[in-house]
Amino acid sequence: MAAACPPAFSTCDFCDAHKGDTSGAFRVLPPVFRHFGVVAAFAGPVVTVKCHEDNTQVKAALESPGEGRVLVVDGGGSLRRALVGGNIAAAAARNGWAGVVVDGCVRDVAELNAAAVGIRALALIPLPTERRGEGQRDVAVQIQGVWVRPGDWLYADADGIVVSAGPLAA
């Protein structure tokens, strides 16, 4: 596999530029997320899903056109069920999603690491969800105590994940 191109942005540079921001427009997610997927750095406008151990809405979102967006999944930090697996990650890559951030678990690590999409999640667990048709899409969510809203911009690289009310200059 060829070496990845360096990202066109740096979350460290964004933090340097916005460290005095007290408006809440610039936020940093806690350093609890693990990296999966082929894409090491990704960015885009946010789409949200809020669900608990039911990935019905996650699957529906990632099977639709991504158009370079990032899906942020509020799984409530659950470590009991995987909200994204290999098939859903492949759908995200195929449908043009820039990335997926899951406040919860994922599974199928070999398949995730082959998917051409950026993926961040708390942990791995092999247990799938039960699809009950529950969950909400396009609502404000709290990810590890940090508010993320539909239409925000999310930037993820090797140093971390930042969220902004609008696009940031690289």
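See the structure above.
Residues numbered from 1 in each chain as written. Predicted model: local features only at pLDDT ≥ 70, side-chain atom pairs only at ≥ 80, totals over all residues. Heavy atoms only, no water.

Visitor: Any chance you could explain the state of the cysteines here in plain terms?
Guide: Any covalent bond linking the sulfur atoms of two cysteines counts as a disulfide. Taken as a whole and assessed by the stated rule, the structure comprises zero disulfides. With no disulfide of its own, Cys 12 lies closest to Cys 15 among cysteine sulfurs, the gap being 6.6 Å. (Disulfide = S-S within 2.5 Å.)

Visitor: Would you mind showing me how to read the packing of aromatic side chains here?
Guide: By convention here, two paired aromatic rings are described through the distance between centres and the angle between planes. The tally for this structure, following the rule as stated, stands at four aromatic pairs. An angle of 65° between the planes, with centres 4.8 Å apart, marks the rings of Phe 14 and Tyr 155 as edge-to-face. Of this pair, Phe 14 sits in helix H1 (residues 11-18) while Tyr 155 sits in strand E11 (residues 153-157), and the two are 141 residues apart along the sequence. Here Phe 14 and Tyr 155 have matching classes, each one buried. By way of ring pairs, the aromatic residues Phe 9, Phe 14, Trp 153 and Tyr 155 are connected into one cluster. (Phe/Tyr/Trp six-rings, centres within 6.5 Å; stacked < 30°, edge-to-face > 60°. Helix = DSSP H or I, 4+ residues; strand = E, 2+ residues; numbered from the N terminus. Buried < 20%, exposed > 50% of the residue type's maximum accessible area, 1.4 Å probe, protein only.)

Visitor: Any chance you could explain the pairing of strand E4 (residues 70-74) here in plain terms?
Guide: Residues in a regular strand point their side chains to alternate faces of the sheet. For E4, the buried fraction is high: five of the five residues fall into the buried class. Bridging between strand E3 (residues 42-50) and E4 involves five bridges; their strand directions are parallel. Bridging across to E4, Lys 50 finds its partner in Asp 74. Read from E3 through helix H2 (residues 56-62) to E4, the crossover connection turns out right-handed. In terms of strand pairing, E4 meets strand E6 (residues 99-106) through five bridges, oriented parallel. Of the residues in E6, the one forming a bridge with Asp 74 is Asp 103. (Pairing = 2+ DSSP bridges. Right-handed = clockwise from strand over helix to strand, strands pointing away.)

Visitor: What is the right way to read the pairing of strand E12 (residues 160-164) from this model?
Guide: Of all five residues in E12, four are buried; the element is thus mostly enclosed. For strand E1 (residues 26-28) and E12, the ladder comprises three bridges, and the chain directions are antiparallel. Along E12, the bridge assignment pairs Arg 27 with Val 163. Pairing of E11 with E12 involves five bridges; the strand directions are antiparallel.

Visitor: Sorry if this is basic, but what is going on with the environment of Val 148 here?
Guide: Checked against the element boundaries, Val 148 lands in strand E10 (residues 146-148). It is 10 Å that separates the C-alpha atoms of Val 148 and Ala 25, two residues lying 123 residues apart in sequence. If we skip the residues at most four places from it in the chain, Val 148 touches Arg 27, Leu 29, Val 46, Thr 48, Val 72, Val 139, Ala 140, Val 141, Ile 143 and Val 163. (Contact = heavy atoms within 4.5 Å.)

Visitor: Before we go on, may I ask you to explain the environment of Leu 122 in this structure?
Guide: Tracing the sequence through the fold places Leu 122 in strand E7 (residues 118-124). Separated by 38 residues in the primary sequence, Leu 122 and Gly 160 place their C-alpha atoms 13 Å from one another.

Visitor: Quick question: what am I supposed to make of the nonpolar core here?
Guide: Within soluble globular proteins, side chains that are nonpolar tend to cluster in buried spots. Judged by nonpolar contacts, the single largest core of 23 residues is most densely connected at Val 58, Leu 62, Leu 71, Val 73, Val 84 and Val 102. Counting only elements with at least two residues in this core, the list comes to E3, H2, E4, strand E5 (82-84), helix H3 (86-94), E6 and E7. Apart from residues no more than four positions distant in its own chain, Leu 71 is found in contact with Val 47, Thr 48, Val 49, Val 58, Ala 61, Leu 62, Trp 97, Gly 99, Val 100 and Val 101. Ranked by size, the runner-up nonpolar core spans 17 residues in total, among them Phe 33, Val 72, Val 148 and Leu 154. (Core = buried A, V, L, I, M, F, W, Y, C linked by side-chain atoms within 4.5 Å.)

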